[in-house]
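Chain by chain, the residues run as shown.
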Amino acid sequence: ASTVTVSPLASNNAAGDLVSCSLRITDAFGNPSGNGAHIAAFHATVTDSAGHTVEAAIIHDASSFVLGNYALQFKSNRSGLTNIAIRYDGLDATSTEVNIQPKTPNKISNMTCPAKAVSNSTVSCSFVSTDIFDNVVMSDSFSSSQSLASSFFSITPSIHYEISHDGSTFALRYRLESTDT
């Protein structure tokens, strides 16, 4: 019986980027097995964090001149845990998960601020930062989200503000100064 192993996946895979991992077939004695003709025996199912199937390709690595080397490649625009299931010769061969990270935040969404504010008071707003694929960017990318919010408010340089976070929601607090003299 043949065995299929998946090489460890990188931990820094980003949404929209090509994810690639090596697949290796060995025979019952642990020897490399399989060539380009064996590619038809493979079937890969890649499922993103929302349960949607992601298109994936399995490619025979003929450049190494070693039997049994293949590559699985796919792109997922959704961040989160992505499940990879490999079938070979009609049997479940192996499965693994890879964590797809959101890209750098480039949008502020779900911003809520009070409808009215009183002069010389502190105003609090909240927002969520998302990447180009609308993946929520969590607080571990706080500096990028803070930079995004800073650019968002750069049109009013006289406002002094602070940004904090709690998971995926960011809070913006600023003081509304009176312009009366």
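Quantities reported herein were computed from a predicted structural model and do not represent experimental measurements.

**What to know about the confidence of the model for the chain**
Part 1 of the argument: Summing up the model confidence of the chain, the mean pLDDT is 80 and the portion of residues at 70 or higher is 81%.
Part 2 of the argument: Taken element by element, the chain is modelled with least confidence in helix H1 (residues 142-152), mean pLDDT 60, and with most confidence in strand E4 (residues 53-54), mean pLDDT 96.

**As for the sheet that holds strand E3 (residues 42-47)**
Part 1 of the argument: Read across the sheet, four strands follow the order E4-E3-E7-E8 without closing on themselves; strand pairing throughout is antiparallel. The open sheet terminates on both sides in strands that have one partner only, identified here as E4 and strand E8 (91-100).

**Topic: the state of the cysteines**
Part 1 of the argument: All chains considered together, the criterion is met by one disulfide.
Part 2 of the argument: Each sulfur of the disulfide joining Cys113 and Cys125 lies 2.1 Å from the other. Negative torsions about the S-S bond denote left-handed disulfides, and the value of about 120° found for Cys113 with Cys125 makes this one right-handed. Of the two residues, Cys113 sits in the loop between strand E9 (107-112) and strand E10 (121-130) while Cys125 sits in strand E10, which places them 12 residues apart along the sequence.
Part 3 of the argument: Cys113 gets classed as partly exposed once you look at its relative accessible area, which sits at 40%.
Part 4 of the argument: Cys125 gets classed as buried once you look at its relative accessible area, which sits at 4%.

**A closer look at the pairing of E10**
Remark: a regular strand shows side chains that alternate across the two faces of the sheet.
Part 1 of the argument: In terms of burial, E10 is largely enclosed, as seven of its 10 residues are buried.
Part 2 of the argument: Across four bridges, the pairing between E9 and E10 is antiparallel. Counted as the bridge partner of Ile108 is Ser129 from E10.

**Some remarks on the pattern of salt bridges**
Part 1 of the argument: If you walk through the whole model with that rule in mind, you get four salt bridges.
Part 2 of the argument: For Asp48, the salt bridge identified is with Arg78, shortest N-O distance 3.3 Å. Placement of the pair is Asp48 in the loop between E3 and E4 and Arg78 in the loop between strand E6 (69-75) and strand E7 (80-88), with a sequence separation of 30 residues.
Part 3 of the argument: With its nearest N and O atoms 2.6 Å apart, the salt bridge here joins Arg87 to Asp92.
Part 4 of the argument: Its relative accessible area of 67% is what places Asp92 among the exposed residues.

Conventions adopted
- Residues numbered from 1 in each chain as written.
- Predicted model: local features only at pLDDT ≥ 70, side-chain atom pairs only at ≥ 80, totals over all residues.
- Heavy atoms only, no water.
- pLDDT = per-residue confidence, 0-100.
- Helix = DSSP H or I, 4+ residues; strand = E, 2+ residues; numbered from the N terminus.
- Pairing = 2+ DSSP bridges.
- Disulfide = S-S within 2.5 Å.
- Buried < 20%, exposed > 50% of the residue type's maximum accessible area, 1.4 Å probe, protein only.
- Salt bridge = Lys/Arg side-chain N within 4 Å of Asp/Glu carboxyl O.

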